[in-house]
Amino acid sequence: MLHYFLLGFAIMCEIVATTLLKYSEGLTKLWPSIGCIGAYILCYFFFGKAVTKIHLGIAYATWCGVGIVATTLISYFVFGEKLSAQIVIGILCITAGCVILNLKH
């Protein structure tokens, strides 16, 4: 069970890092860039610990799926980016795929 918390923490760090990447404006702003790099380091550290007990394919699909959904919502609510029907359908497909993969094990 601990490894799923590590995976969750890795996902949160990835979401923070990706959001800071947007704020860093192509890594040209110092503090968002440092925060971004630090969060990515933590992300990969905790993801590496999580996959010692979780199947890599399941962990990676979950990590990517949750990250895609969360960053899409952040881009909409925080950065005011538009969501099309195609994007919403894609997110629903990704979510369904992650659920199906996690039900297998």
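Because the structure is predicted, anything quoted here is derived from the model rather than measured.

A. How the structure looks around the overall build of the chain. When its secondary structure is counted, the chain shows 4 helices and 0 strands. Order of helices (α) and strands (β) in the chain, N terminus to C terminus: α-α-α-α. Seen along its three principal axes, the alpha-carbon backbone of the chain occupies a region of about 40 × 35 × 15 Å. Every one of the 105 residues in the chain was classed for burial, and the buried ones make up 31%.

B. Inspection of the nonpolar core at higher detail. Within the largest apolar cluster, 15 residues are counted, with the highest numbers of intra-cluster contacts made by L7, F47 and W63. Broken down by secondary-structure element, the contributors of at least two residues to this core are α1 (2-23), α2 (30-50) and α3 (56-77). A total of 6 residues in this core trace back to one element, the largest contributor, which is α1. In this structure, L7 is in contact with F47, A50, I54, A59, T62 and W63, ignoring residues within four places of it in sequence.

C. Main features of the packing of aromatic side chains. A complete count under the given rule lists 8 aromatic pairs for this structure. Judged by centre distance (5.5 Å) and plane angle (90°), the ring pair of Y44 and W63 falls under edge-to-face. Placement of Y44 in helix α2 and of W63 in helix α3 is noted, with a sequence separation of 19 residues between them. Grouped by ring-pair contacts, the aromatic residues Y44, F47, Y60 and W63 constitute a single cluster. The lysine or arginine in question, K22, covers the ring of F79, its NZ or CZ lying 5.6 Å from the ring centre.

D. Structural view of the confidence of the model for the chain. The predicted model of the chain averages 94 in pLDDT, with 98% of residues at 70 or higher. The least confident element of the chain, judged by mean pLDDT, is helix α4 (residues 85-104) at 87; the most confident is α2 at 98.

E. Fine view of the packing of α2 against α3. Between α2 and α3, whose axes approach to 11 Å, the crossing angle comes to 145°. Seen along the crossing, α2 lies across α3 with a hand that is right-handed. Contacts between α2 and α3 involve C43, Y44 and F47 from the former and L56, A59, Y60 and W63 from the latter. The residue inventory of the contact of α2 with α3, partitioned by class, reads 7 nonpolar, no polar and no charged.

F. Representation of unusual backbone geometry in the model. One non-glycine residue, E25, adopts positive backbone phi at about 50°. Position of E25 relative to the elements: it lies in the loop between α1 and α2. Despite not being glycine, L27 has its phi angle at roughly 60°, a positive value. Secondary-structure assignment places L27 in the loop between α1 and α2.

G. Representation of the pattern of salt bridges in the model. Counted by the stated rule, this structure contains 2 salt bridges. Between E81 and K22 there is a salt bridge; the shortest N-O distance is 3.0 Å. Note that E81 is positioned in the loop between α3 and α4 and K22 in helix α1, a separation of 59 residues in sequence. Taking the relative accessible area as the measure of exposure, K22 reaches 43% and is therefore partly exposed.

Reading the values: the criteria
Residues numbered from 1 in each chain as written. Predicted model: local features only at pLDDT ≥ 70, side-chain atom pairs only at ≥ 80, totals over all residues. Heavy atoms only, no water. Helix = DSSP H or I, 4+ residues; strand = E, 2+ residues; numbered from the N terminus. Buried < 20%, exposed > 50% of the residue type's maximum accessible area, 1.4 Å probe, protein only. Core = buried A, V, L, I, M, F, W, Y, C linked by side-chain atoms within 4.5 Å. Contact = heavy atoms within 4.5 Å. Phe/Tyr/Trp six-rings, centres within 6.5 Å; stacked < 30°, edge-to-face > 60°. Lys NZ or Arg CZ within 6 Å of the ring centre and 35° of its normal. pLDDT = per-residue confidence, 0-100. Axes fitted to C-alpha atoms, helices over the stretch in contact; angles between N-to-C directions. Left-handed = near helix turned anticlockwise from the far one by under 90°. Nonpolar A, V, L, I, M, F, W, Y, C, P; charged D, E, K, R; others polar. Salt bridge = Lys/Arg side-chain N within 4 Å of Asp/Glu carboxyl O.

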